[in-house]
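Structural description and commentary
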Amino acid sequence: MPLTDSLRDDILASVPSLRAFAISLSGNGDRADDLVQETLLRALANIDSFQPGSNLPAWLFTILRNLFRSDYRKRRREVEDADGSYAKTLKTQPAQSAHLEFEEFRAALDKLPQDQREALILVGASGFSYEDAAAICGCAVGTIKSRVNRARSKLSALLYVDGAEDFGPDETVRAVIGGSGGY
Amino acid sequence: MKDVKSKNAAPGKQGGLNAEIQSRIGHQLRAMYDDVVRQGVPDRFAELIRKLDGSEPNPQLGTAGDKNDGRD
């Protein structure tokens, strides 16, 4: 469809979540903004291929995700966010202890395989349905579900189970038992 | 410990994930993400879209230049 004013506004309205997705994927604020810029250029250049009434955010996320993938293949892992450059992109610096916890979380997220990380972000943070996330990643819905489950499981192992030894076995047992009443 | 864990683990669920841990992970993930979302649209992107919009003549809109005085 042609680029109408309302479509342009909708694209602009997607920018904040595109940036959040890009930063979550790449762990690097500058690179993330370059990704978003390239995504917008591609989207506007190919706007005729956007189906009116279809999911615009999902379309934009698909473009960004594919760009990130091809870019990632080119670069492999250069020296990434070891110095916490992601945190520097934040406007408000978290308090010290929260900051540390945040860095730990960010580091654990970076340890996930890329497939799992993107699935977890799309479903757990961007709020896409499993179906939309599957369309964005070009895979089956069941594949997305299992990636999300594996991502959660690995994060909890990295963040909580390994560290549980620090609190002694009683805490660990209590933590495990404590979870049985949830959903 | 192993016994306690496996007893509480639902069959088919990996590692018997604790609901509290999962909710903390979900919370941290969204906090990280929303922190960026709340930054809004940086000027560079608003300008980019405005420029592209103005520079590409769009016959179907007819009045592409109405509020675009090229204020650069």
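Residues numbered from 1 in each chain as written. Chains lettered and ligands numbered in written order. Predicted model: local features only at pLDDT ≥ 70, side-chain atom pairs only at ≥ 80, totals over all residues.

Looking at the overall build of chain A
Filter applied, for reference: Secondary structure elements are taken from DSSP: a helix is a run of H or I of four residues or more, a strand is a run of E of two residues or more, and numbering for both begins at the N terminus. Burial is judged by counting the other C-beta atoms within 10 Å of a residue's own C-beta: 20 or more makes it buried, 12 or fewer makes it exposed, and any count in between marks it as partly exposed, with every C-beta position built from the backbone. Residue pairs are scored as contacts if the distance between their C-beta atoms, which are placed from the backbone, is within 7 Å.
Along chain A, the regular secondary structure elements total 9 helices and 0 strands. Along the chain direction, N to C, the helices and strands of chain A fall in the order α-α-α-α-α-α-α-α-α. Relative to its full complement of 183 residues, chain A shows a buried share of 32%. Of the contacts made within chain A by residues no fewer than 6 positions apart, 63% connect residues no fewer than 24 positions apart.

Overview of helix 2 (residues 19–37) of chain B
Residue and element names in this part refer to chain B. Going by this rule: One fewer than the residue count of a helix, multiplied by 1.5 Å, yields its expected span. Within this analysis, the arc is defined by the directions that extend from the helix axis to the C-beta atoms.
Over its 19 residues, helix 2 extends 26 Å from the first C-alpha to the last, a length consistent with the 27 Å expected when each residue adds 1.5 Å. Turning to helix 2, its buried residues number three or more, namely Ile21, Ile25, Gln28, Leu29, Met32, Tyr33 and Val36. Angular distribution of buried residues about the axis of helix 2 spans 120°; they occupy a single face of the element.

Describing the nonpolar core
All names here are of chain A. Condition: A set of buried residues qualifies as a nonpolar core if it consists of Ala, Val, Leu, Ile, Met, Phe, Trp, Tyr and Cys joined through C-beta atoms within 7 Å. Domain extents, as shown, originate in an automatic or database domain assignment.
Counting residues in hydrophobic clusters, the biggest one holds 45 residues, and the most contacted among them are Phe21, Ala22, Val36, Leu64, Ala119 and Ala133. With 8 residues, helix 1 (residues 5–26) is the largest single contributor of residues to this core. Both domains that furnish three or more residues to this core are identified here as domain 1 (1–77) and domain 2 (94–183). Excluding residues within four positions of it along the chain, Phe21 makes contact with Phe61, Leu64, Ile121 and Ser126.

A word on the packing of helix 6 (residues 114–124) of chain A against helix 8 (residues 141–161) of chain A
Helix-helix packing is described using two parameters, namely the angle between the two axes and the distance between the axes. Residues and elements named next belong to chain A. Using the following cut-off: All axes here are fitted lines through C-alpha atoms, helices being fitted over the stretch that makes contact, and every angle between N-to-C directions spans 0 to 180 degrees. An angle counts as roughly parallel when it lies under 35 degrees, as roughly antiparallel when it exceeds 145, as roughly perpendicular when it falls between 65 and 115, and as oblique in every other case. Asp, Glu, Lys and Arg are counted as charged, while Ala, Val, Leu, Ile, Met, Phe, Trp, Tyr, Cys and Pro are counted as nonpolar; the rest, among them Gly, fall into the polar class.
Packing of helix 6 against helix 8 leaves a shortest axis separation of 8 Å and a crossing angle of 100°. Relative to helix 8, helix 6 is oriented roughly perpendicular. For the pair helix 6 and helix 8, contact is made by Asp115, Gln116, Arg117, Ala119, Leu120, Val123 and Gly124 and by Ile144, Arg147, Val148, Arg150, Ala151 and Arg152, respectively. Its residues placed into classes, the contact of helix 6 with helix 8 shows 6 nonpolar, 2 polar and 5 charged.

Regarding the environment of Leu44(A)
Counting through the fold element by element, Leu44(A) comes out in helix 2 (residues 29–45). The class of Leu44(A) is partly exposed, set by 17 C-beta atoms lying within 10 Å. With 70 residues separating them in the primary sequence, Leu44(A) and Gln114(A) have C-alpha atoms 27 Å apart. Sequence-distant contacts of Leu44(A), that is, excluding residues within four places in its chain, are made with Leu3(A) and Leu52(B).

Details of the packing of helix 1 of chain A against helix 2 of chain A
Residue and element names in this part refer to chain A. This is how the line gets drawn: It is the rotation of the near helix from the far one that decides the hand of a crossing: anticlockwise by less than a right angle makes it left-handed, clockwise makes it right-handed.
Helix 2 packs onto helix 1 with a crossing angle of 135° between their chain directions and a minimal axis gap of 8 Å. The orientation of helix 1 relative to helix 2 falls into the category oblique. Seen from above, helix 1 lies across helix 2 with right-handed handedness. Judged by residue contacts, Ile11, Val15, Leu18, Arg19, Ala22, Ile23 and Ser26 of helix 1 engage Gly29, Arg31, Ala32, Asp33, Leu35, Val36, Thr39, Leu40 and Ala43 from helix 2. The residue makeup of the contact of helix 1 with helix 2, split by class, is 10 nonpolar, 3 polar and 3 charged.

Some remarks on the environment of Phe21(A)
Residues and elements named next belong to chain A. Relative to the helices and strands, Phe21 is located in helix 1. Take Phe21: there are 31 C-beta atoms within 10 Å of it, and that puts it in the buried class. Spatially, the C-alpha atoms of Phe21 and Arg65 are 8.8 Å apart, while their sequence positions differ by 44 residues.

A few points about the domain arrangement of chain A
Residues and elements named next belong to chain A. Assigned domains within chain A: domain 1 (1–77) and domain 2 (94–183). Within the residue set of the side of domain 1 that touches domain 2, elements represented by two or more residues are helix 1 and helix 3 (56–75). Among the residues forming the side of domain 1 that touches domain 2, the class breakdown is 4 nonpolar, 5 polar and 1 charged.

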